[in-house]
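Residues per chain are reported as follows:
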Amino acid sequence: MLKQDVVRDIIGDSYTARKEQGAGTAYVNIALCKYWGKVNQELHLPYNSSISIALPYKTHTIVTTNPDRDAIILNDEVLSENSEFTKRTVEFLNLFRKNTYFTIATKNDLPTASGLASSASGIAALVIALNDLFNLRLSKRELSILARIGSGSAARSIHTGFVEWKSGKSSNESYAYRINTKPWNNLRIGLLVLTHAAKKLSSRQAMQSSATTSPYYSAWVEKCQKDIEHMKQHIVNHDMQSLGYLAQENCLAMHATAITASNPMIYWSPKTLRVIHQVLDLQRKGHEIYFTIDAGANVILLFTDALSKVVSNYFPDVVISKAQFDD
Ligand code: PMV
């Protein structure tokens, strides 16, 4: 099965632009139980399920048809055909194209100092905008599957709140849904940007290298299967301590597979390690603060509002936000 077959299965062949423009909004998500490796590279079917939390930073995208060529406008700037962003967007649009081009105008409201990637919210917002343009009325499950074939973690950005992306055994089974829980209003997420340097290796390549060469990869997958079930319980219970420790442990296990790949990927800078030690020190002093780190050097902190002052004093550059629970 190819990506094109997934699209055809979901939206058929008889769609066409039903209005002048389509609009879509999607939020950034941070994984607490990580996605790190695919069983099926073409369809982005992951080895394990993952869990994320939505942040209040979003991508808003408007899509219109264009008779002449594709045009990609990011944050009010027309991108060149050769930019990576244009190439990735055009490649994804090819799956939905029928003798037409598109103009995509997309805006991110991520604070520039946040160091957050917008690819997941970007693909999710584009899928929602296409659904609107073609008036397809797809379900969230279908939107999540379409976002998944654009970029794995985008499957989760179709929703807000706490989200599980079920690995599934086939394309139809591999989608994200919102975990049924009350909004967790005093939960806080702190972003610590330690570098703005671009990653040396894309997470797409890096996760595959971990999966095929790390001796710890199978242990990682087994661990995730257990973590998912425990994590859902801690989320439903709003149990900061258990959720925080588990998210931290899961992140370290993911990095262990990257560090031990035959092409070692050590994402942490000396500054990252310093923050890790600072957080562990705070934990030893009895503070409920935890960290998670994606495929980069920046650190994401988890704590509740009661600790916001301590966190700001300790990490003056931290950007603190609540989680996003509304669409
Ligand atoms: O969806 P991708 O290819 O950007 O990979 C995301 C990988 C991590 O951010 C490290 C983990 C995750 O689950 O988001």
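Each remark here, short or long, concerns the structure printed above.
Anyway, here's the lowdown on the structure attached to this text. (Residues numbered from 1 in each chain as written. Predicted model: local features only at pLDDT ≥ 70, side-chain atom pairs only at ≥ 80, totals over all residues. Heavy atoms only, no water.)

A look at the side chain of Asn48
Mapped onto the fold, Asn48 is located in the loop between strand E3 (45-46) and strand E4 (50-66). Within the structure, Asn48 has its side chain in polar contact with the backbone oxygen of Lys34 (distance 3.0 Å). If we ignore the near neighbours within four places in the chain, the residues touching Asn48 are Lys34, Ser167, Trp220 and Cys224. (Helix = DSSP H or I, 4+ residues; strand = E, 2+ residues; numbered from the N terminus. Polar contact = N/O pair within 3.5 Å; in protein donor to acceptor, adjacent residues only side chain to side chain. Contact = heavy atoms within 4.5 Å.)

Considerations on the sheet that holds strand E10 (residues 187-192)
Strand pairing in a sheet is mediated by backbone hydrogen bonds. Such pairs are either parallel or antiparallel. In spatial order, the strands read E11-E12-E10-E13; together these four strands make up an open sheet with antiparallel pairing. Two strands bound the open sheet, and with one partner strand each, they are strand E11 (290-292) and strand E13 (319-322). Between one strand axis and the next, the sheet turns by 30° as a mean value, whatever way the strands run. As paired strands, E11 and strand E12 (residues 299-304) are joined by three bridges and run antiparallel to one another. Looking across to E12, one finds that Phe291 is bridged to Leu301. Relative to E11, helix H7 (residues 240-259) is tilted by about 35°, and along the sheet it contacts E10, E11 and E12. Relative to E11, helix H8 (residues 270-284) is tilted by about 150°, and along the sheet it contacts E10, E11 and E12. (Pairing = 2+ DSSP bridges. Axes fitted to C-alpha atoms, helices over the stretch in contact; angles between N-to-C directions.)

Things to note about the pattern of salt bridges
Scanning the entire structure with this criterion turns up 16 salt bridges. Note that Asp13 is salt-bridged to Arg8, the shortest N-O span being 3.9 Å. Three or more residues joined by partner-sharing salt bridges are found here, namely Asp5, Arg8 and Asp13. (Salt bridge = Lys/Arg side-chain N within 4 Å of Asp/Glu carboxyl O.)

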